[in-house]
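# Architecture at a glance
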Amino acid sequence: MTDKAKQMRPLVTVGAVILNDKKEVLMIASKKHFGKYALPAGHVEYGERLEDAVRREVQEETGLSIKGVTLLRVAESIKSDDYVDNTKHFVSINFIGYTNDDTVVLDESEASSYKWMLPSEILKLEIDILTRGSIEEMVKREV
């Protein structure tokens, strides 16, 4: 193993499929994804529980609080062209969460816009592999 390989480690991230009362999912036009729609997501901080991390990321990126947080799926993305920085290895732990509040306040450093969409609409979009897998899993489970 090279010295560079020893220094590089996968990055642990969390993402959220956020559902409103109409069973629509919040999608954000993510700057990390070339402006394409994606799930709110981000890195887990050292010492942070996964569920706390996803709640924090959702709050930071959207201004929303979520409840009923449950694990949806674990997946990975290695050096994917879906991301502006395609040199990284992500281990992504995605959750489902619910909100009664449709008032989104975006962190404009993370995303330029948002939409509440039905899962069937989302799957017609050009979206990254981690987002697609999470939406497909949600549909399969009939959430």
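These numbers come from a predicted model, not from an experiment. (Residues numbered from 1 in each chain as written. Predicted model: local features only at pLDDT ≥ 70, side-chain atom pairs only at ≥ 80, totals over all residues. Heavy atoms only, no water.)

### A look at the environment of isoleucine 18
Topologically, isoleucine 18 is positioned in strand E1 (residues 11-19). Residues isoleucine 18 and threonine 99, spaced 81 residues apart in sequence, show a C-alpha to C-alpha distance of 7.0 Å. If we skip the residues at most four places from it in the chain, isoleucine 18 touches Glu24, Val25, Leu26, Pro40, Val58, Leu64, Ile66, Gly97, Thr99 and Trp116. (Helix = DSSP H or I, 4+ residues; strand = E, 2+ residues; numbered from the N terminus. Contact = heavy atoms within 4.5 Å.)

### Overview of the layout of surface pockets
By rolling a water-sized probe across the atoms, one finds the places where empty space is left. Space inside the largest pocket adds up to approximately 470 Å³. Looking at the largest pocket, it is lined by 27 residues, and the ones nearest its centre are Lys32, His33, Ala41, Gly42 and Tyr83. Among the secondary structure elements, those contributing two or more residues to the lining of the largest pocket are E1, strand E2 (25-30), strand E4 (41-43), helix H2 (50-62), strand E6 (89-98) and helix H4 (129-140). Here the residues of the lining of the largest pocket are counted per class, giving 9 nonpolar, 9 polar and 9 charged. Volume-wise, the second largest pocket comes out at about 200 Å³. Taken together, Met8, Arg9, Pro10, Leu11, Ile78, Lys79, Thr87, Lys88 and His89 make up the full set of residues lining the second largest pocket. (1 Å grid on protein atoms, 1.4 Å probe; cavity = no way out; pocket = protein on both sides within 12 Å on 5 of 7 lines; lining within 4 Å. Points joined across faces, edges and corners; volume = space filled by probe spheres on them. Nonpolar A, V, L, I, M, F, W, Y, C, P; charged D, E, K, R; others polar.)

### A word on the side chain of serine 30
Structurally, serine 30 can be placed in strand E2. Overall, serine 30 belongs to the buried group, its relative accessible area being 2%. A distance of 3.1 Å separates a polar atom in the side chain of serine 30 from the backbone nitrogen of lysine 32. Filtering out sequence-adjacent residues up to four positions away, serine 30 remains in contact with Gly35, Lys36, Ala38, Glu110 and Ala111. (Buried < 20%, exposed > 50% of the residue type's maximum accessible area, 1.4 Å probe, protein only. Polar contact = N/O pair within 3.5 Å; in protein donor to acceptor, adjacent residues only side chain to side chain.)

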